[in-house]
Protein chains: 4
Amino acid sequence: MSHNTFGHLFRVTTWGESHGPAIGCVVDGCPPNIPLTEADIQPWLDQRKPGGSRFVTQRQESDTARILSGVFDDGAGQVTTGTPISILIENEDQRSKDYGEIARAYRPGHADFTYQAKYGVRDHRGGGRSSARETAMRVAAGAVARKVLGESIRIRAGVVQLGPHRIAPDAIDFGAVHDNALFAASTAVAPEWEAYLDGVRKAGSSIGAVVALEVTGVPAGWGAPIYGKLDAELAAALMSINAVKGVEIGAGFGAAELSGEDNADQMRMGDDGEPVFLSNHAGGVLGGISTGQPVTARVAFKPTSSILTLRQTVTRDGEETDLRTKGRHDPCVALRGVPVVEAMAACVLADAMMRHRAQVR
Amino acid sequence: MSHNTFGHLFRVTTWGESHGPAIGCVVDGCPPNIPLTEADIQPWLDQRKPGGSRFVTQRQESDTARILSGVFDDGAGQVTTGTPISILIENEDQRSKDYGEIARAYRPGHADFTYQAKYGVRDHRGGGRSSARETAMRVAAGAVARKVLGESIRIRAGVVQLGPHRIAPDAIDFGAVHDNALFAASTAVAPEWEAYLDGVRKAGSSIGAVVALEVTGVPAGWGAPIYGKLDAELAAALMSINAVKGVEIGAGFGAAELSGEDNADQMRMGDDGEPVFLSNHAGGVLGGISTGQPVTARVAFKPTSSILTLRQTVTRDGEETDLRTKGRHDPCVALRGVPVVEAMAACVLADAMMRHRAQVR
Amino acid sequence: MSHNTFGHLFRVTTWGESHGPAIGCVVDGCPPNIPLTEADIQPWLDQRKPGGSRFVTQRQESDTARILSGVFDDGAGQVTTGTPISILIENEDQRSKDYGEIARAYRPGHADFTYQAKYGVRDHRGGGRSSARETAMRVAAGAVARKVLGESIRIRAGVVQLGPHRIAPDAIDFGAVHDNALFAASTAVAPEWEAYLDGVRKAGSSIGAVVALEVTGVPAGWGAPIYGKLDAELAAALMSINAVKGVEIGAGFGAAELSGEDNADQMRMGDDGEPVFLSNHAGGVLGGISTGQPVTARVAFKPTSSILTLRQTVTRDGEETDLRTKGRHDPCVALRGVPVVEAMAACVLADAMMRHRAQVR
Amino acid sequence: MSHNTFGHLFRVTTWGESHGPAIGCVVDGCPPNIPLTEADIQPWLDQRKPGGSRFVTQRQESDTARILSGVFDDGAGQVTTGTPISILIENEDQRSKDYGEIARAYRPGHADFTYQAKYGVRDHRGGGRSSARETAMRVAAGAVARKVLGESIRIRAGVVQLGPHRIAPDAIDFGAVHDNALFAASTAVAPEWEAYLDGVRKAGSSIGAVVALEVTGVPAGWGAPIYGKLDAELAAALMSINAVKGVEIGAGFGAAELSGEDNADQMRMGDDGEPVFLSNHAGGVLGGISTGQPVTARVAFKPTSSILTLRQTVTRDGEETDLRTKGRHDPCVALRGVPVVEAMAACVLADAMMRHRAQVR
């Protein structure tokens, strides 16, 4: 993770601002001979595309990804060549006038102030580089990572808490995520949650949420301790997503209330002669190395900072002012965060797989 | 963060196993001309030293650090030279016989199984490389990082939750941490907590905890978005500590229940003509860049997995067995995690400072 | 230097194949507030553009660079923002039919065989990723690096040996490089060299050459020993250029014949009170750190491997065949290597400057 | 290559000064289950040990390496565990008084001036960190790398030019290197060379040399273009060795005088059904990827800068003075460079092997 590149061997570099001509990424180090076309990428992008429902920003973007390099069709279908894969999405809807006032005033909760403080200059249009629009490229890269991982590894995420509303742990059903507009991991909660979020939206407000992640099929042995632990790399990748304020692995903060007897996952031999764990408080990671159990995590998203209520702030010139963030926005940014969480997990795991097979044949 | 090295410019590489002849670290990239002797390192090591109270492992180690390179005294006192600083601690108490049984059986909750699964071989003595003993070198490196950061930056951590017992947010007092044997951030709770933990200890059990971190004096502008965000790097550094299962920045998981109005920190101009924030739900980080507010985080530690209760497990040879972890251990590993949390924060911040001044003069 | 990214803090990632839709680069870590437009990049690209004279490939490319991110004009002219700078050049002339035969047969001296051996697949069109076309993006990145370095640092290269013809060391004049079609560092040799190279070209053959590099204005102190030595990083950067087979710093291989008395540069105090060196066999680098003297290097280019003479080779299917490389090519690839050598030096130095100021204020 | 660490997956970090208490290295990322004891390392160290003949420095060091971590004997012999391998050599002969004068004056040709210019402080004793003593740890790390590579890969180097004396290319015999005190790749030249070097030594002078490297057994496919090319990584690794001023791959600078017909290595099918090259001007690398041919390089060493002749220099305080470097030194530093060249090649290749198998199964 270094500036705008992440990963060690499966390396992703993203670029682009919210209102520039385009955004893009370069995926470097990808293994060769993996079938890959735009059709492998677009469905994942469509999941986080703006304008999909009344619960996400109404910015109009088709988010059509083009692959510009790193693939070749030698007659048997287009495959990766092992060279860098450049993916580009043109920005179509760049209504900069919506954002005029924020050229001067810092939007509370946004990165306007900190970018200005750090760099002494910023592209204020739509948040520039700090816009969640950047996450589209994470999703594109994640689509490539999924191809590298193959179908035996299944990565799923869903909203499990929306403001004060929670899905009970034993009611979480990742199969329900794409059956409701809120990406909720339960069809049962959807009606109540939709009504709640409609209220939030109509009030011009916003609300935070928690996204849960579950990855099955990861074999025991991935992760590079001590400082490349699988959970540490996941934590960095997930915390780097816009609006994320917390990451848990397995029992997470709940582990702080557990005794050693209740927390440590006991083991027995499975029917296939492989060790099995009788529980998974570890979230599939022990000592920074995968156990073979599902890798589980939870990610806390703060509420969208763009709201219609007038808020106190200051300008670049040091004047106090009050600001209302007009324009398009999401009442709950976590919804579109679901495919991003999955994508970051995919990238971390593809990288871990490659690192593991480099060191251990 | 790459295998056993972390940091980009202020880079720390650690090595050594629990029961090998020594453990050590190499701190590379340190700025020159910073006064540094063993006396700058030892006090921090003494904070996490085994045997300090009845609440920590009774392993006998003086944990005396020696600096083997990277410093020079040209007549005006010993200073760093800009070359790699090698620090070494000899292991004194290597009672390997205590650990005989675990050569075969995997201790539940420990990394025995995953190290074996990954590498096909492991140093089982005291957990080998996965032992918390490694964190001594993080503390040593953190001591160097503190010297790089200087005295204007103050890094403090303390236990704020012990199992079911919590310190109310407005009662947290980092000044109290070193006035009680539990590193609790409140003197008021100490007697009750000590009694509670004595019970846990006598039962041969263990309990989880939460450690809070607060860093003051960090100027606005540190952090390297998008993938070197200050909070992402903190998350990785903290999650890499043994037994950590969760990391929050600022409001953390609490932000999931907040509205945009309640969460986004409003701004006003301070008396000194600099912007001030009216709250700090952001935890001192917006868009991955420091705001100038205190950087705050919370870290969840699972309970020590070594307990006296008989637990179900399997052996390397695929046999089911029951195991009781005899030998020395901590009833709450988070206590000795307090200086480690501080040290990791120090290293992350020294690195962020150097990266910032590289890019922005 | 890692796969398709080079640099530590001033980081350049390139992508694209010779006959794909486009080639591009991402320059990450660039300091903010540096004036930068396409007009700063294009002149350098024009120097290595195909079709410039009869001595370079007749492929028709305008090589027009577009900046897609990382810059912003807030009213005072377009400047860098500290975010990644994406630069893209569309490929216009993709006459793939010229390259039909090489889909099967490996061109001697080219990377066809090794790409196939490594990846099991390759984009054979025009050499794909291994084409010298990639060096256009190095030149674009180098243009950005020059802006970072500022005008006090002057980077110049020129051809000093063409096959058997050499310019005497004391006759090298970098001021002459852009006054002749051969980028020769001497106007005197140009007529003879042009006649010689015309002969090579008309024979359908090619010839090797040596390019010399001189950088003035580098202050003493840049370079990051032991493994980030300035000369080691220059060596890697220059050796990574297509067709380069050798790199010398200062006296280079000539130093093997010198005695200690003749080689070691003596010192005296200059009129300005700063130390001066009485010679520069070191090439401006001692112990991997710049001395303040001009940084000098020499780079050997092999002859273009694409020639009209029939050569023995084998096919992907293991059949022996004879191959003549038709199509456009350069009789001396080193000519277009001159701006590439300069660009790589610029990138290495910008990176070294930033690394130095990170560690030493 | 970053400050004091090199390698991407097989990573070596070295530390220590010439006259500090010890020098050492940490080898990280090493595959597990490779037999490794001190006995695998010591023989290579003995090759570059001081005091071996009258042609090398008379400093008395046993250079005994101790492995402090990363290995374990579980009953079947000591093997690597996949965790960091720490190797330490204590400095025994630290006659600091020999070096008193150079605390003030900069030795011409040494890094005294540049270390002081960069860091504002330096350990002047014996050159501190810039001493060739550091290369002992490269040799130790190289010994581990050899074990990773296995016996099918053979790495050999030898002196092929000593000042004005050269071994004809077709007379080079790496088998002769350890049969003469000069590490010359020919027994025939040894008597004349020894007489010549005795003269140099008795005159208190020194002379440069060229070391040739040949690695056989490298399969086709290693190397990570474009910026992790095998030859670029070799160039950096070799140029980082003390006193090296030039690196050639294959035909090297000689390629500048070749035509395309003479340079490009033609191919035919071998008896085993694998492609073979009819020559090896490429030095075993095309497009940055190994061809399966021997990897060949040549490395130019400057003469030792420490000589008995009085030389002009300046002091740290800006005074002009004349300096004679007393004390122990080598008349030709390249001799002890032979095992270092081999060691760096071993480390680069082990890293390339691991990177290759990470990307391509």
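Residues numbered from 1 in each chain as written. Chains lettered and ligands numbered in written order. Predicted model: local features only at pLDDT ≥ 70, side-chain atom pairs only at ≥ 80, totals over all residues. Heavy atoms only, no water.

What follows deals with the relation of the copies chain D and chain C. Overlay of chain D on chain C (RMSD 0.0 Å): rotation 180 degrees, translation along the axis 0.0 Å. Classification of the inter-copy transformation places it as that of a two-fold axis. No C-alpha of chain D lies nearer the rotation axis than that of Ala-236 of chain D, which sits 2.4 Å from it. (Least-squares fit on C-alpha atoms with pLDDT ≥ 70 in both.)

Turning our attention to the pairing of strand 16 (residues 295-301) of chain A. All names here are of chain A. Of all seven residues that make up strand 16, six are buried, and the element is covered over most of its length. Examined bridge by bridge, strand 11 (residues 244-249) and strand 16 share five bridges and lie antiparallel to one another. Along strand 16, the bridge assignment pairs Gly-246 with Ala-300. (Buried < 20%, exposed > 50% of the residue type's maximum accessible area, 1.4 Å probe, protein only. Helix = DSSP H or I, 4+ residues; strand = E, 2+ residues; numbered from the N terminus. Pairing = 2+ DSSP bridges.)

Moving on to the relation of the copies chain B and chain A. The operation relating chain B to chain A is a screw motion whose rotation component is 180 degrees, with 0.0 Å of axial translation and a residual RMSD of 0.0 Å. Most of the interface of chain B is mirrored in chain A, where 100% of its interface residues are also at the interface. (Contact = heavy atoms within 4.5 Å.)

Taken N-terminus to C-terminus, the directions of helix 7 (residues 334-359) of chain B and helix 7 (residues 334-359) of chain C make an angle of 135 degrees; their axes are 8 Å apart at the nearest point. With respect to their mutual orientation, helix 7 of chain B and helix 7 of chain C come out oblique. The two elements helix 7 of chain B and helix 7 of chain C cross, and the hand of that crossing is right-handed. Side by side, helix 7 of chain B and helix 7 of chain C meet where Met-354, Arg-357, Ala-358 and Gln-359 of chain B of the first sit next to Met-354, Arg-357, Ala-358 and Gln-359 of chain C of the second. Class assignment of the residues belonging to the contact of helix 7 of chain B with helix 7 of chain C gives a composition of four nonpolar, two polar and two charged. (Axes fitted to C-alpha atoms, helices over the stretch in contact; angles between N-to-C directions. Parallel < 35°, antiparallel > 145°, perpendicular 65-115°, else oblique. Left-handed = near helix turned anticlockwise from the far one by under 90°. Nonpolar A, V, L, I, M, F, W, Y, C, P; charged D, E, K, R; others polar.)

If you add up the space inside the largest pocket, you get close to 1200 Å³. As for the largest pocket, its lining consists of 40 residues, and the residues nearest its centre are Glu-248 and Phe-253 of chain A together with Glu-248, Phe-253 and Arg-298 of chain B. Those elements giving two or more residues to the lining of the largest pocket turn out to be strand 8 (154-162), strand 10 (209-216) and strand 16 of chain A together with strand 8 (154-162), strand 10 (209-216) and strand 16 (295-301) of chain B. Here the residues of the lining of the largest pocket sort into 20 nonpolar, 10 polar and 10 charged. Around the second largest pocket, the lining comprises 28 residues; the ones closest to its centre are Arg-166, Pro-169, Glu-248, Ala-251 and Arg-298 of chain D. Of all elements in the fold, only strand 8 (154-162), strand 10 (209-216) and strand 16 (295-301) of chain D reach the threshold of two or more residues within the lining of the second largest pocket. (1 Å grid on protein atoms, 1.4 Å probe; cavity = no way out; pocket = protein on both sides within 12 Å on 5 of 7 lines; lining within 4 Å. Points joined across faces, edges and corners; volume = space filled by probe spheres on them.)

Another point: the UniProt feature "binding site: FMN" (unreviewed entry) in chain A. The residues that UniProt annotates with the feature "binding site: FMN" (unreviewed entry) are Arg-129, Ser-130, Ser-131, Asn-242, Ala-243, Gly-287, Lys-302, Pro-303, Thr-304, Ser-305, Ser-306 and Arg-328 of chain A. Within the fold, Pro-303 of chain A resides in the loop between strand 16 and strand 17 (311-314). Here Pro-303 of chain A falls in the buried class, since its relative accessible area comes to 1%. Sequence-distant contacts of Pro-303 of chain A, defined by excluding residues within four places in its chain, comprise Ser-206, Ile-207 and Gly-208 of chain A together with Ala-255, Leu-258, Ser-259, Gly-260 and Asn-263 of chain B. If you trace the backbone, Thr-304 of chain A turns up in the loop between strand 16 and strand 17. In contact with Thr-304 of chain A, not counting residues within four places along its chain, are Ser-206, His-329, Asp-330, Pro-331, Cys-332 and Val-333 of chain A together with Gly-260 of chain B. (UniProt positions renumbered as here; feature names shortened; annotations may be inferred.)

All names here are of chain A. According to UniProt, the feature "binding site: NADP(+)" (unreviewed entry) maps to Arg-48 and Arg-54 in the numbering used here. Locating Arg-48 in the fold gives a position in helix 1 (residues 38-48). Given the relative accessible area of 1%, Arg-48 is considered buried. Setting aside its immediate chain neighbours within four residues, Arg-48 contacts Asp-63, Ala-132, Arg-133, Thr-135, Ala-136, Val-139, Arg-336, Pro-339 and Val-340. Along the polypeptide, Arg-54 turns up in the loop between helix 1 and strand 4 (65-67). The residues contacting Arg-54, other than those within four sequence positions of it, are Glu-194, Asp-198 and Arg-201.

The next point concerns the side chain of Lys-229 of chain A. Looking at the element boundaries, Lys-229 of chain A is found in the loop between strand 10 and helix 5 (230-239). Despite its burial, Lys-229 of chain A remains without a salt bridge, the nearest opposite charge being carried by Asp-231 of chain A at 5.9 Å. A distance of 2.9 Å separates a polar atom in the side chain of Lys-229 of chain A from the backbone oxygen of Ser-240 of chain B. In this structure, Lys-229 of chain A is in contact with Ala-224, Gly-287 and Gly-288 of chain A together with Ser-240, Ile-241 and Asn-242 of chain B, ignoring residues within four places of it in sequence. (Lys, Arg positive; Asp, Glu negative; His and termini not counted. Salt bridge = Lys/Arg side-chain N within 4 Å of Asp/Glu carboxyl O. Polar contact = N/O pair within 3.5 Å; in protein donor to acceptor, adjacent residues only side chain to side chain.)

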